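Chain by chain, the residues:
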Amino acid sequence: MLFQIAWRNIWRNKARSLVVISSIIIGVWAGIFILSFSWGMYKNNIDESVYIQLSHIQIHHPTFKEENDSKYTITNTDEKMKQFQADNRIASVSSRVISPGMITSPTTASGVKIYGINPSSEVTQIRLNEYVSQGAYFDSGKENEMLIGEKLAKKLKVKLKSKVVLTFTNTKSEIISAAFRIGGIYRSKNISLDEVNVYVQQKHLQELLELKPSESNEIAILVKDEKELDTIKNFSVGVVPNGKIEDWKELSPELEMIIESFNLYTYIISGIILLALTFGIINTMLMSVLERIRELGMLMAIGLNKRKIFIMIMLETFYITLIGTPIGLLTGWLTVTILGRTGINLSMFSEGLASYGFSSMIYPALDHDKYVIIVGMCIITGILSAIYPAYKALQLNPSEAIRKI
Amino acid sequence: MAQTIIDAHNVSKTFNPKTVPVHAVQNVHVHIEEGEFVALVGPSGSGKSTLLNMMGGLDEPTAGSVIIDGVEITELSENKLIDFRLHNIGFVFQSFNLIPVLTAKENVGFVLQLQHMPKAEREKRVLTLLEEVGLEDKINSKPGELSGGQQQRVAVARALASKPKIILADEPTANLDSKSAANLLDIMAKLNKEEKITFLFSTHDQRVIKKARRVITLVDGKVASDVQQIPS
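Note that the structure is a prediction, hence the values are computed from the model and not measured.

Draft legend 1. Structural context of the interface of chain A and chain B. Tallying the contact residues gives 23 residues for chain A and 26 residues for chain B. Together chain A and chain B conceal approximately 2200 Å² of surface at their shared face, both sides included; 63% is due to carbon and sulfur atoms. For the pair chain A and chain B, the interface holds two salt bridges. With a closest N to O distance of 2.7 Å, glutamate 78 of chain B and lysine 306 of chain A form a salt bridge. Contributing elements (two or more residues each) for the side of chain A that touches chain B: α1 (2-10), α12 (293-302), α13 (306-342) and α16 (398-403) of chain A. The greatest single-element share of the side of chain A that touches chain B, amounting to seven residues, is contributed by α12 of chain A. A class-by-class count of the residues in the side of chain A that touches chain B yields 10 nonpolar, six polar and seven charged.

Draft legend 2. Layout of the sheet that holds strand β1 (residues 4-15) of chain B. All names here are of chain B. Taken in spatial order, the four strands of this open sheet run β2-β1-β4-β5, and their pairing is antiparallel. On the outer flanks of this sheet lie β2 (22-33) and β5 (71-72), each paired with one strand and no other. In the sheet, β1 pairs with strand β4 (residues 63-68) via five bridges, with the strands oriented antiparallel. Residue pairing across strands places aspartate 7 opposite isoleucine 67, the latter belonging to β4. The strands that helix α1 (residues 48-55) touches are β1, β2 and β4; relative to β2, the one it contacts most, it runs at about 55°.

Draft legend 3. Layout of the environment of methionine 117 of chain B. All names here are of chain B. Relative to the helices and strands, methionine 117 resides in the loop between α3 (104-114) and α4 (119-132). Sequence separation of methionine 117 and serine 162 is 45 residues, and the distance between their C-alpha atoms is 9.7 Å. Setting aside chain neighbours within four positions, we find methionine 117 in contact with Leu112 and Arg122.

Draft legend 4. Here's a closer look at the pattern of salt bridges. All names here are of chain A. Scanning the entire structure with this criterion turns up 23 salt bridges over all chains. Measuring nitrogen to oxygen at the nearest pair gives 2.7 Å for the salt bridge that ties glutamate 295 to arginine 12. You can see glutamate 295 sitting in helix α12 and its partner arginine 12 sitting in the loop between α1 and α2 (14-54), a full 283 residues away along the chain. By relative accessible area, which is 10% here, glutamate 295 ends up buried. Across the pair glutamate 250 and lysine 233 runs a salt bridge whose closest N-O atoms are separated by 2.9 Å. Taken as a pair, glutamate 250 in helix α10 (residues 248-251) and lysine 233 in helix α9 (residues 229-239) lie far apart in primary sequence, 17 residues in all.

Rules and cut-offs
Residues numbered from 1 in each chain as written. Chains lettered and ligands numbered in written order. Predicted model: local features only at pLDDT ≥ 70, side-chain atom pairs only at ≥ 80, totals over all residues. Heavy atoms only, no water. Contact = heavy atoms within 4.5 Å. Buried area = accessible area lost by both parts, 1.4 Å probe. Salt bridge = Lys/Arg side-chain N within 4 Å of Asp/Glu carboxyl O. Helix = DSSP H or I, 4+ residues; strand = E, 2+ residues; numbered from the N terminus. Nonpolar A, V, L, I, M, F, W, Y, C, P; charged D, E, K, R; others polar. Pairing = 2+ DSSP bridges. Axes fitted to C-alpha atoms, helices over the stretch in contact; angles between N-to-C directions. Buried < 20%, exposed > 50% of the residue type's maximum accessible area, 1.4 Å probe, protein only.

Structural measurements only, silent on function.
This is the structure:
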């Protein structure tokens, strides 16, 4: 009977209950949207970093990253690559030769990271070919062809087909200068990387560095399923026993931090929204209790004990929360699903977003566990919001309450 | 010889004892026997509602004790008192005080549900009670769909639901027209006669006073007179 009375009580003042339910719906929806939008941005940033820059796993000579010297290599790369390629858990694998250096144009110079890549294997790895905005992706067949970022090209004041000079140290610690021609200019979604990374043919860079054809500085692996990451790392130990094997979280701890801070962000944003909702619910339920004082007094007089009065008020709030939360959740989920497919185009802010490594197309996304957190927090909010009005009802003295006009 | 059902012994009630004390009831002794039909009368502010509330365990006396059917209710804990009221006392209030979201049937059955009466038995009793008060055709009407007289009859049926020994009614006819008031009083008088339920009214209404067999008059919180009469 208490359940029935509580249910009917919330419909006594339909407009008021609907306002509270609507505020819960909007609150839950807003929470989901803000979180999914933020996570969409971060996820995009992480994916860009993993798929365009880092890959899931990188293997180096143990000293390579500390010394930043291309003489620290992984040997017999071809053989190792074949072992990785034979594993069907691995989506793609490529080897790179890397050297820090200086790029010089007729007008200026800049520090760069020179990647010697195998263009065909990188098509499925860093997909640089997709980001070429001018020229082509290593199609001339010339060994001195080079790909540079749009921002770097602007800085160097060079154009397609311009000649630039790369200066770096070879494995014998001799300074080498070599002329390259810009065959393509790319624009990735991370402008800061575009300014630093330049790409040349691996074979040519190996020759300049005086490395053997089977030597490389980096093996990068993309896995098919990220859940397999740890097992593939273990497998990599067998293939490259002396290599330093790191996954993307180890390579870029700031990405891991983004995920952790987002989890915290989830609680903070949800908390703020729910705090605002709490006051709305308390206010409404308090009004509902105060205008029913005589009725509550009568209920106590005829034999409804205070525990049951408390439960009844709690149930009323709980019902309101229980109606609003799933609707808010559903509208939020629908919004995320639809916008997750179509994306939100923020191209008018593309420059600013790109400078922080964010794409101008945001695809909102939210993991299921975040929905569970939001639902849990809404239910807790409903319960907490009900306590004060229910407590106020318990303070009533039946005889005084009945006399209230 | 009839048994004493209510014994208010030297009962006093003072409101605001620490600020501006108002002595609503002072040293009142009232004994009411089983099956009596008593009107508690007096001018406004004479303390009749306060005395009625104390006799029903809704208010706690500042001094004195109230014994109902051998139980000193002033000694009971809050929850035990609520439970005692549920099983022993029926209330009828001036402004009906029905639960607006429940139908007449549900309002009457509510008390029985609190007593955990099985559904079939409960429904049978509710129908009997609503028939007794002449509302068998209004069982599914909510209070807002009933007239004042009909609502008060539902309140009487609710008060009777738990088969209490006592019904306390605070100005039950104050908001009713003459016809409804007469009808209600006839029902109450019949129940008093046939089921030996003790009725205690606080009232100004001459129609109620004329029906009573005993009239206790309060003035300034004290019993001014206590007389037996032949009801008209």
